[in-house]
Amino acid sequence: ETTFTFSNSPTTGTAGSFTLILTNGGSQTVNWPGAVDWAGGSAPSLTSSGVDIITFTTLDAGTIWYGFAAGLDMS
């Protein structure tokens, strides 16, 4: 089981983003911060054997992180 925590967000009014590259992320339980607003309303299903690329963006100092899959099963 893996739990992610996001910290050091930019101040409100300044966009900040990062990209997370996960290998075999679907082979375990992944817990995302409650502040993530996923495209489509739910976290993507991660690949059990392969690479997933997930991007997060905030505009309000991390109150909301917009999350979306930039690419799934990129192996």
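Everything below is about the structure printed above this text.
Predicted model only: the values in this text are computed from it and were never measured.

Cut-offs and rules
- Residues numbered from 1 in each chain as written.
- Predicted model: local features only at pLDDT ≥ 70, side-chain atom pairs only at ≥ 80, totals over all residues.
- Heavy atoms only, no water.
- Helix = DSSP H or I, 4+ residues; strand = E, 2+ residues; numbered from the N terminus.
- Contact = heavy atoms within 4.5 Å.
- Buried < 20%, exposed > 50% of the residue type's maximum accessible area, 1.4 Å probe, protein only.

Thoughts on the environment of Asp 73
By the secondary structure assignment, Asp 73 is in the segment after strand S6 (65–71). For the pair formed by Asp 73 and Ser 48, sequence separation is 25 residues and the distance between their alpha carbons is 8.7 Å. The contacts of Asp 73, once residues within four sequence positions are left out, are Thr 47, Ser 49, Gly 50, Val 51 and Asp 52.

Section: the environment of Gly 25
Assignment of secondary structure puts Gly 25 in the loop between strand S2 (16–23) and strand S3 (30–31). The class for Gly 25 is buried, based on a relative accessible area of 4%. Sequence separation between Gly 25 and Phe 68 is 43 residues; the distance between their C-alpha atoms is 15 Å. Excluding residues that lie within four positions of it along the chain, Gly 25 makes contacts with Val 30, Leu 46 and Thr 47.

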